Amino acid sequence: MTETTLGIAGLALMMLSLLMLALRPRRSRSLVVAGLTLGAGLLGVAVGLVVGDRRQPLPAGAAPMVAPQPAELASPGYVESRLSLQFPIDDEYPTSSAATNVFDWYALRNSINYVPAAGEKLDKPQNRLLKLLTDVSWSWLIVVVFDRPAQYSRIQVNFAGGQLPFYQVTRQTPRYAVIHVQGRIPAGQMDIATSE
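Treat the numbers as computed from the prediction; the structure is a model and nothing was measured.

## With respect to a nonpolar patch on the surface
Step number 1: A cluster of nonpolar side chains, contributed by Leu16, Leu19 and Leu23, occupies part of the molecular surface with about 320 Å² of accessible area.
Step number 2: Counting through the fold element by element, Leu23 comes out in helix H1 (residues 2-23).
Step number 3: Residue Leu23 is classed as exposed on the basis of its relative accessible area, which comes to 65%.

## Quick look at the nonpolar core
Step number 1: Counting 21 residues, the largest nonpolar core has Phe87, Ile142, Ile155, Val181, Ile185, Met190 and Ile192 as its most contacted members.
Step number 2: Those elements that place two or more of their residues in this core are strand E1 (82-87), strand E3 (102-110), strand E4 (139-146), strand E5 (154-160), strand E7 (176-182) and strand E8 (188-195).
Step number 3: Among the elements that make up this core, the one with the highest residue count is E4 (4 residues).
Step number 4: Those residues in contact with Ile192, other than ones at most four positions away along the chain, are Ser81, Arg82, Leu83, Leu85, Ile142, Val144, Ile155, Gln156, Val157 and Ile179.

## What about the environment of Gln189?
Step number 1: Mapped onto the secondary structure, Gln189 falls in strand E8.
Step number 2: For the pair Gln189 and Phe159, spaced 30 residues apart in the sequence, the C-alpha separation amounts to 5.7 Å.
Step number 3: Setting aside residues no more than four positions away along its own chain, Gln189 makes contact with Ser84, Leu85, Gln86, Ser97, Asn158, Phe159 and Ala160.

## Overview of the environment of Gln151
Step number 1: Secondary-structure assignment places Gln151 in the loop between E4 and E5.
Step number 2: Residue classification places Gln151 among the partly exposed residues on the basis of a relative accessible area of 35%.
Step number 3: For the pair Gln151 and Gln172, spaced 21 residues apart in sequence, the C-alpha separation works out to 9.9 Å.

## Topic: the sheet that holds E4
Step number 1: With respect to topology, 4 strands assemble into an open sheet ordered E3-E4-E7-E6, the strand pairing being antiparallel. Strands at the two margins of the open sheet, each flanked by one partner only, are E3 and strand E6 (167-172). Shown here is a sheet whose adjacent strand axes are inclined to one another by a mean of 15°, direction ignored.
Step number 2: The pairing of E6 with E7 spans 5 bridges and is classified as antiparallel. Following the sheet pairing, Tyr167 is matched in E7 by Val181.

## Concerning the sheet that holds E5
Step number 1: Strand order in this open sheet of 4 strands is E2-E1-E8-E5, and the pairing throughout is antiparallel. Whereas interior strands pair on both sides, the edge strands pair on one side only; in this sheet they are strand E2 (95-100) and E5. Averaged over all pairs of adjacent strands, the angle between their axes in this sheet comes to 15°, without regard to strand direction.
Step number 2: Examined bridge by bridge, E1 and E2 share 5 bridges and lie antiparallel to one another. Bridged to Ser84 within E2 is Ala98.

## As for the packing of aromatic side chains
Step number 1: A full pass over the atoms with the stated rule returns 3 aromatic pairs.
Step number 2: Centre to centre, the rings of Tyr93 and Trp140 are 5.6 Å apart; their planes meet at 80°, and the pair counts as edge-to-face. Here Trp140 lies in strand E4 and Tyr93 lies in the loop between E1 and E2, a separation of 47 residues in the sequence.
Step number 3: Measuring from centroid to centroid gives 5.6 Å for Phe146 and Tyr152, while their planes differ by 75°, and the two rings are edge-to-face. The same class applies to Phe146 and to Tyr152, which are both buried.
Step number 4: Taken together, Phe87, Tyr93 and Trp140 form an aromatic cluster joined through their ring pairs.

Reading guide: rules and limits
Every residue gets a number counted from 1 within its own chain, in the order that chain's sequence is written. Selection of residues for local features in this predicted model requires a pLDDT of at least 70, selection of side-chain atom pairs for listing and counting requires 80 or more, and totals for whole chains, interfaces and linings are taken over all residues. Water and hydrogen atoms were dropped before computing side-chain values, which therefore reflect all heavy atoms in the structure. Residues form patches when they are more than 30% accessible in relative terms and have no salt bridge. Like charges link within 9 Å. Nonpolar side chains (Val, Leu, Ile, Met, Phe, Trp, Tyr) link within 5 Å. Where accessible areas are quoted, they stem from the Shrake-Rupley method and a 1.4 Å probe; at the residue level, only the protein chains shown are allowed to cover. Salt bridges, as used here, are contacts in which a Lys or Arg side-chain nitrogen is within 4 Å of a carboxyl oxygen on Asp or Glu. Numbering goes from the N terminus for both helices and strands, where a helix is a DSSP run of H or I of at least four residues and a strand is a run of E of at least two. Whether a residue is buried, partly exposed or exposed follows from its accessible area with a 1.4 Å probe, protein chains only, as a fraction of its type maximum: under 20%, in between, or over 50%, in that order. By nonpolar core we mean a set of buried residues, namely Ala, Val, Leu, Ile, Met, Phe, Trp, Tyr and Cys, connected to one another through side-chain atoms within 4.5 Å. Contacts are assigned to residue pairs that have any heavy atoms within 4.5 Å of one another. Pairing between strands is defined by DSSP: at least two bridges between them are needed. For every element, the axis is a line fit to its C-alpha atoms; helices are fit only across the contacting stretch, and the angle between N-to-C directions ranges from 0 to 180 degrees. Centres within 6.5 Å are what make two rings of Phe, Tyr or Trp a pair, Trp counting through its six-membered ring; a difference in plane orientation under 30 degrees is then read as stacked, over 60 as edge-to-face, and the rest as tilted.

Below you can see the structure in the form of structure tokens.
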């Protein structure tokens, strides 16, 4: 219905513009150009709507697509998700040692390194403060993307191998979780798991 109306309006505007061009070629030139442009545009939109709305015939023997039922669209249930990360010594990036329902993950380290100049002593109060600030400014951002979306009530983070600094699950959705760790992570094994 819409494409027919647009097509007729586009043709009528183009015919009226051509008629004006034939009757008054010099006085109505800019009006005719605008009318022709608008008429051609409307006709093009109508043709595009008609072509876009045409249904492609199904191949022989193919079944028509069925819309998903509401039960299929319901939110996903609990799916166990687990990631084990091995943190090496010297603040290196971790490696994955085991994963369940994990599509991808990454760990982003943010640190400020203070290196005193040659011969500079750290006995001055401001230099000790700088050294303290560089030790505190370490942080890690660990993002886990789940393979299958899942509803879960919480994320548990366990660490074996030393004292894990303060951490916080800053965002969790059925598709991913973001964990922020404030401070240096010592060498050891970090286990991240969902629970019902």
